[in-house]
Amino acid sequence: MTRQERTAWGFVLPVLAIILFVFALPTLLALALSVTDYSIYALADWGALRFVGLGNFADLLTTPLFWRALGNTALFALLGVPMAIGTSLAAALLLHDASVRWKPLWRVLLFAPYVTSVVATAVVWRFLLNTRFGLLNRALDWVGVPPVDWLGDPHASIPAILLFVTWKIFGYNMIVFTAALSAVPHDLMEAARLDGASRWTRFRHVTLPAIGPTLLLAAVMSVAGFLQIFAEPYVMTLGGPAQSTTTVLYFMFDEGFKWWNLGQASAVAFILLLLILALTFVQARIGRRYEWL
Amino acid sequence: MSYEGDYSPMLMPAFTRATGFQVEVQTLPWTAAHEKLLTAQAGDSLPDVFMLPDGWVGEFALIGALAPVIDAALLTGLFPGVSAATGPNGQPYAVPWSVAPQVQYYRRDLLERAGYAAPPEDWDSWRRMGQRLKARAPDNYAFLMLLNWWDTLFTFAGQTGARPLRERDTRGNFRDPHFRDALAFYVSLFRERLAPPALSTEVQDPVAAFAQGYFAVYPYGPTLTLDLHRRAAEIPPALWSTARMPGPQGPGRVSGIAASLCVSARSRRPAAAWSLVRHLTSSASELTYQRLIGTLPARAAAWDTPQLRQPALAAFAEQMRDPTREPMIVEWERIRIEVQLIAERVVRGQLGIDAALVAMDDRVDRLLAKRRALVEAGQLT
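## A few points about the overall build of chain A
Piece 1. Across its full length, chain A holds 13 helices and zero strands.
Piece 2. In terms of overall dimensions, chain A has a C-alpha envelope of 75 × 70 × 30 Å along the principal axes.
Piece 3. Counting over 293 residues, chain A shows a buried share of 41%.
Piece 4. Of all intrachain contacts in chain A linking residues separated by at least 6 positions in sequence, the fraction that spans at least 24 positions is 66%.
Piece 5. Accessible surface for chain A amounts to roughly 16,300 Å². Of this, 72% is attributable to carbon and sulfur atoms.

Next up, the structure:
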């Protein structure tokens with residue numbers, strides 16, 4: 001090993017050690033837990049612990065709530081990712097326009113929800129979404145739409161939470177997109193305009209390819225984020241009504257930390273890890289095809 | 001937890017004066033207390049003394065978190081009907097502190113206008129009262145029973161004499177006709193739109209809604225009296241009163257969340273911990289607490305004082321003599337929550353009553369699988 005290599009290892013080792021201790025080791029331990037029936041009885045007496053092989057996984061596949069949680073999570077991701085990224089991109093494009101004044105002020109205002117506390121904003125949003133005197137229903141009433149029981153109707157609860165989540169997180173990707181947009185080559189844009197390309201064609205053929213890699217990054221992060229959505233349903237609806245906002249992570253939290261069935265909860269965590277890995281892999285493949293990576 | 005936790009620093013100066021021990025108090029919200037305490041036990045960081053609702057004592061005793069109550073004097077002089085929660089071996093592990101049977105709070109003015117001086121005591125007349133209230137104010141409701149809280153359903157079940165578990169508490173017994181009656185009655189109140197199908201997260205301020213007459217009857221425990229007194233400007237004391245919960249043929253046993261004090265098995269200062277328990281559960285402290293936050297004393301001596309002869313407390317005193325006996329098993333807390341989840345689906349029309357009872361038994365049997373195996377192996381009684 002050369003001196004240079006030794007120095008390099010010296011810099012990398014602390015980080016590697018931390019990754020090993022806070023990521024690799026816990027993952028392995030969780031895998032070990034997931035093949036046992038670790039429950040509160042094992043907390044009382046290790047003698048009650050048994051090896052159950054893939055029993056937890058088989059058990060999960062026959063648990064209706066697990067499937068519903070998967071379905072709810074999929075719905076959150078399917079609706080939420082386009083909603084969040086679309087809003088971010090739209091806001092970034094608006095802010096990017098040369099005619100907009102006080103850009104820094106707008107950026108701060110739109111970014112602010114991202115850095116406020118989830119619990120505090122959830123309380124405010126619960127009031128906004130209140131069926132009887134919420135502002136949202138007032139506004140709907142104004143345009144003649146009957147009141148929606150946002151957080152009490154199992155069909156409206158996911159859209160209601162998504163409204164809140166989108167408002168909360170779009171500022172982050174908006175900033176990322178703003179940075180990407182400023183890197184779109186000006187001369188290309190000018191050339192397209194001179195050639196008579198419409199607004200949409202310029203967006204589709206000049207802007208989009210230029211911000212492609214950023215878009216991919218945002219998509220990967222958003223998908224992973226929405227698959228792990230937990231805090232918002234936890235503070236807004238406690239997983240209800242009729243478990244319509246119980247997500248996979250919420251299910252895992254209940255099993256593991258509320259009822260101490262850590263064996264079962266680790267199995268859930270593992271399935272979720274595999275799901276996220278698989279989806280990220282697919283996204284990476286798509287990105288590579290468009291030469292964004 | 002909750003008000004007990006928020007206000008207990010006010011009970012400490014007297015203790016510190018008498019014994020010289022400083023006490024540090026932390027308060028937990030009810031919704032997160034169970035998991036926080038379990039995690040504390042796993043991480044060996046439980047406080048010396050902590051409050052537990054009776055239903056959790058068996059569970060925490062099983063995992064070895066609690067020290068048994070050795071001083072028998074702590075368990076004497078309790079109000080009739082109150083007894084110490086025990087662990088799996090039948091030994092007492094907790095000293096009863098306050099009792100919180102469910103009663104109904106009702107709006108006297110609204111009931112009077114519907115022709116009632118007090119709520120009727122049997123289910124059918126109670127529901128009829130609800131229909132009359134609803135007919136007078138179709139936009140409002142007669143009852144408020146939050147759909148993610150199990151207490152009212154289990155109060156109804158307790159009154160029918162239903163035994164929710166069977167075979168040494170290793171299997172669900174929800175197909176029992178008694179429980180079916182209770183569930184059918186509970187669901188009918190929502191079907192007839194006498195109660196709003198709302199979760200606790202939707203009714204952000206029940207006291208304000210009660211004051212506005214959004215509902216006329218609210219089954220709840222004694223701590224609501226504190227909220228009502230605090231907000232007397234919105235709802236003057238003359239407008240509300242309390243009564244026992246109705247039963248199929250008249251009042252009976254109801255569920256409630258009685259609180260006990262426990263000492264951690266790994267406390268490094270057991271003597272000081274027990275003296276704190278003795279101080280907090282003395283009738284003087286319990287009376288102070290009643291005045292501060294409305295919890296009801298578990299000591300019989302406290303009930304002989306004029307402070308507890310208010311008319312609004314009479315319903316509680318009567319109800320306290322008639323508590324339900326609930327299974328003291330680890331899974332009970334979860335069983336109630338999951339049964340309530342299935343009941344919620346019936347209320348929302350996603351499931352029929354009989355299908356729901358089958359689903360409850362299935363779910364509970366699965367939750368009890370581990371316990372069943374341990375009982376069959378003789379490792380657990």
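## So, the confidence of the model for chain B
Piece 1. Predicted confidence across chain B gives a mean pLDDT of 89, with 99% of residues reaching 70 or more.
Piece 2. For this predicted complex, the interface score ipTM comes out at 0.84, alongside a pTM of 0.86.

## Observations concerning unusual backbone geometry
Piece 1. Of note, A:Q243 is a non-glycine position whose phi angle comes to about 60°, a positive value.
Piece 2. Among the structural elements, A:Q243 can be located in the loop between helix 11 (231–236) and helix 12 (248–258).
Piece 3. Looking at A:Q243, the relative accessible area reads 11%, which means it is buried.
Piece 4. Despite not being glycine, B:R193 shows a phi value in the positive range, around 60°.
Piece 5. Inspection of the secondary structure puts B:R193 in the loop between helix 8 (177–191) and helix 9 (206–212).
Piece 6. By relative accessible area, which is 42% here, B:R193 ends up partly exposed.

## Re the interface of chain A and chain B
Piece 1. On the chain B side, the residues contacting the 36 residues of chain A number 32 residues.
Piece 2. The contact between chain A and chain B buries some 3,000 Å² in all, and 56% of this surface belongs to carbon and sulfur atoms.
Piece 3. Between A:D59 and B:R366 there is a salt bridge, and its shortest N-O distance comes to 3.2 Å.
Piece 4. Across the contact surface, chain A and chain B share 13 residue pairs in polar contact (both at pLDDT 80 or more).

## What to know about the pairing of strand 7 (residues 240–244) of chain B
All names here are of chain B.
Piece 1. Burial analysis of strand 7 places five of its five residues in the buried class, the great majority of the element.
Piece 2. Relative to strand 7, strand 3 (residues 103–107) runs antiparallel, the two sharing five bridges. When the sheet's bridge partners are listed, Y106 is paired in strand 7 with S241.

## Points about helix 1 (residues 3–34) of chain A
Piece 1. The first and last C-alpha atoms of helix 1 of chain A sit 44 Å apart over 32 residues, in line with the 46 Å expected at 1.5 Å per residue.
Piece 2. The largest bend along helix 1 of chain A reaches roughly 40° and is located at A:L20.

## Some words on the sheet that holds strand 6 (residues 217–220) of chain B
Strand pairing in a sheet takes place through backbone hydrogen bonds and is either antiparallel or parallel in direction.
Residues and elements named next belong to chain B.
Piece 1. Strand order across the open sheet formed by three strands is 6-3-7, with antiparallel pairing between neighbours. Edge positions in the sheet fall to strand 6 and strand 7, since each of these pairs with one other strand and no more. Strand-to-strand, the axes of this sheet are offset by a mean angle of 30°, without reference to chain direction.

## Some thoughts on the packing of aromatic side chains
Piece 1. In the structure shown here, the tally under the stated rule is 39 aromatic pairs over all chains.
Piece 2. With 6.2 Å between their ring centres and 85° between their planes, B:W150 and B:F154 make a pair best called edge-to-face. B:F154 carries the same exposure label as B:W150, and that label is buried.
Piece 3. Counting every residue linked through ring pairs, the aromatic cluster contains B:W123, B:W126, B:F143, B:F156, B:F185, B:Y186 and B:F190.
Piece 4. Between A:R101 and the ring centre of A:W102, over which it is positioned, the NZ or CZ distance is 5.7 Å.
Piece 5. The ring of B:Y141 has B:K134 lying over it, and the distance from NZ or CZ to the ring centre is 4.1 Å.

## Digging into the sheet that holds strand 1 (residues 49–53) of chain B
Residue and element names in this part refer to chain B.
Piece 1. Read from one edge to the other, the open sheet built from four strands follows the order 1-8-2-9, with strand pairing classed as antiparallel. Every interior strand has two partners, whereas the edge strands, strand 1 and strand 9 (296–297), have only one.
Piece 2. Helix 11 (residues 270–280) rests against strand 1, strand 2 (95–99) and strand 8 (259–263) of the sheet, and its axis sits at about 160° to strand 8.

## Remarks on the nonpolar core
Piece 1. Formed by 61 residues in total, the largest nonpolar core has its most connected members in A:F226 and A:M236.
Piece 2. Breaking this core down by element, the ones donating at least two residues are helix 3 (55–61), helix 4 (64–96), helix 6 (118–128), helix 8 (157–181), helix 10 (199–227), helix 11, helix 12 and helix 13 (262–289) of chain A.
Piece 3. Take this core: its biggest share by element is twelve residues, from helix 4 of chain A.
Piece 4. Excluding its chain neighbours within four sequence positions, the residues that come into contact with A:M236 are A:A122, A:W125, A:R126, A:L129, A:L151, A:I161, A:F164 and B:T201.
Piece 5. By size, the runner-up hydrophobic cluster in this structure holds 56 residues, among which are B:F15, B:L38, B:A65 and B:W97.

## Remarks on the domain arrangement of chain B
How big an interface is tends to be stated in terms of the accessible area lost upon association of its parts.
Residues and elements named next belong to chain B.
Piece 1. Segmentation of chain B into domains returns domain 1 (2–99 + 256–309) and domain 2 (103–145 + 174–244).
Piece 2. A separation of 31 Å is found between the C-alpha centroids of domain 1 and domain 2.
Piece 3. Taken together, the eight residues of domain 1 in the interface contact six residues of domain 2.
Piece 4. A buried area of about 550 Å², summed over both sides, lies between domain 1 and domain 2, and 58% of it is on carbon and sulfur atoms.
Piece 5. Remark: the boundary between domain 1 and domain 2 carries zero salt bridges.
Piece 6. Our enumeration of links across domain 1 and domain 2 arrives at one residue pair in polar contact (both at pLDDT 80 or more).

## Regarding the pairing of strand 2 of chain B
All names here are of chain B.
Piece 1. Counting buried positions along strand 2 gives five out of five residues, so the element sits mostly inside the fold.
Piece 2. Relative to strand 8, strand 2 runs antiparallel, the two sharing three bridges. When the sheet's bridge partners are listed, P96 is paired in strand 8 with S260.

## Brief notes about the side chain of B:D109
Piece 1. Tracing the sequence through the fold places B:D109 in helix 5 (residues 108–113).
Piece 2. Among the polar contacts listed, one links the side chain of B:D109 to the side chain of B:R107, at a separation of 2.9 Å.

## Section: the pattern of salt bridges
Residues and elements named next belong to chain B.
Piece 1. Overall, the coordinates contain 23 salt bridges over all chains when judged by the stated rule.
Piece 2. With a closest N to O distance of 3.1 Å, E333 and R336 form a salt bridge. Linking E333 with R336, this pair stays in helix 14 (residues 332–347), spanning three residues, or about one helical turn.
Piece 3. Residue classification places E333 among the buried residues on the basis of a relative accessible area of 10%.
Piece 4. Note on R336: relative accessible area 4%, which makes it buried.
Piece 5. One salt bridge connects R334 with E338, and the closest N-O pair in it is separated by 3.0 Å.

Rules and cut-offs
Residues numbered from 1 in each chain as written. Chains lettered and ligands numbered in written order. Predicted model: local features only at pLDDT ≥ 70, side-chain atom pairs only at ≥ 80, totals over all residues. Heavy atoms only, no water. Helix = DSSP H or I, 4+ residues; strand = E, 2+ residues; numbered from the N terminus. Buried < 20%, exposed > 50% of the residue type's maximum accessible area, 1.4 Å probe, protein only. Contact = heavy atoms within 4.5 Å. Areas by Shrake-Rupley, 256 points an atom, 1.4 Å probe, with all protein chains shown as cover. pLDDT = per-residue confidence, 0-100. Buried area = accessible area lost by both parts, 1.4 Å probe. Salt bridge = Lys/Arg side-chain N within 4 Å of Asp/Glu carboxyl O. Polar contact = N/O pair within 3.5 Å; in protein donor to acceptor, adjacent residues only side chain to side chain. Pairing = 2+ DSSP bridges. Expected span 1.5 Å × (residues − 1). Bend = angle between axes of the 7 residues up to and from the residue. Axes fitted to C-alpha atoms, helices over the stretch in contact; angles between N-to-C directions. Phe/Tyr/Trp six-rings, centres within 6.5 Å; stacked < 30°, edge-to-face > 60°. Lys NZ or Arg CZ within 6 Å of the ring centre and 35° of its normal. Core = buried A, V, L, I, M, F, W, Y, C linked by side-chain atoms within 4.5 Å. Domains from an automatic or database assignment.

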